[in-house]
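Coordinate inspection notes
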Amino acid sequence: MIKKNAFWFSLFLILIIPAFGPCNEVVNTDQNSTIVQIGKQIDVLMDPSQKLSLNDILSKKYQTGFKPHRKNGFNFGLTTNVIWLRFKISDFEDLSRKKRFVLAIDKPMFPFVDLYIPIGPEKYDKISGGYLKFTKGSTLEYRYPVFKLPQNLTENRDLFLQVTPSTPTIHAAASFNLFLEDENQFQKRTWFELFFYSIMFGVLACMIFYNVFLYIFLRDKVYALYVVYITFILTYLFLRNGFGNLIGLQHLTPYTLFAVAIAYMFAILFSQEFLSLK
């Protein structure tokens, strides 16, 4: 009976722990919120060739190809297309020009995200984000791309966001939310978010050290298997949620699925050893 209960408890841990690392956060807004979801005001153009430049996009041929999105969230699935998003700041009446806003795309797994901001009649300034490339000073260093918008932004001009979800060696599902938020409020809110993740990572780290201690003194193989399992779960959650981007480990981000695959393999080995299955 004890082993049966232990099996169900270990199975619960195996299945539930990865669920604590969702990649996308749905941001709800209300009248008192400083967050403005902008998906419904976005126009979308898909680029299957992955070769269109901003000059191409500005031409009449492609300007007429943009289609209204009409939804807050974006879900294009696993795609190799480059996604172009077009919008105007003047479309958002909730924004106070006395505040400094940031534009955030809550997806840590995108390798390249480029924002084009109008700075003159025919000129655009390019700000690069994504875990493989970012522009220091114009982006906030966070686990997903966050762009600082200048306060003197021309409100009636189009802004363009170029999202590259995949490269020849990197593939990520193009599911994300796009929102504007007061910069100060964003920093305060994300401190609470980081506090939550710190607790989660701390609990997992304590489990690892505790079971290492048990293995050293008891020399029971089951503890070693459990340590490897929890270590790779922690690695998966850490990279999947974009924290590798903050400490210079962004080159490991494409290997998150390998981490969870290894974790499940050792979870099976742990269960077999724990239950003495043949």
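As summarised here, the arrangement of the six strands in space is S3-S2-S5-S10-S7-S8, forming an open sheet in which the pairing is antiparallel. Single-partner strands in this sheet number two, and they are strand S3 (67-68) and strand S8 (124-129). Taken together, the five bridges between strand S2 (residues 43-47) and strand S5 (residues 82-88) define a ladder with antiparallel strand orientation. Following the sheet pairing, methionine 46 is matched in S5 by isoleucine 83.

Enumeration according to the criterion identifies six salt bridges in this entry. Here arginine 100 ties to glutamate 183 by a salt bridge, and the two come within 2.9 Å at their closest N and O atoms. Residue arginine 100 is located in the loop between S5 and strand S6 (101-105), and its partner glutamate 183 is located in helix H4 (residues 183-218); the two are separated by 83 residues in the primary sequence. Note on arginine 100: relative accessible area 32%, which makes it partly exposed. Across the pair arginine 143 and glutamate 193 runs a salt bridge, and its minimum N-O distance is 2.9 Å. Remark: glutamate 193 occurs in helix H4 and arginine 143 occurs in the loop between S8 and strand S9 (146-148); sequence separation between them is 50 residues. Taken as a pair, arginine 143 and glutamate 193 share a single burial class, namely buried.

Cut-off values and rules
Residues numbered from 1 in each chain as written. Predicted model: local features only at pLDDT ≥ 70, side-chain atom pairs only at ≥ 80, totals over all residues. Heavy atoms only, no water. Pairing = 2+ DSSP bridges. Helix = DSSP H or I, 4+ residues; strand = E, 2+ residues; numbered from the N terminus. Salt bridge = Lys/Arg side-chain N within 4 Å of Asp/Glu carboxyl O. Buried < 20%, exposed > 50% of the residue type's maximum accessible area, 1.4 Å probe, protein only.

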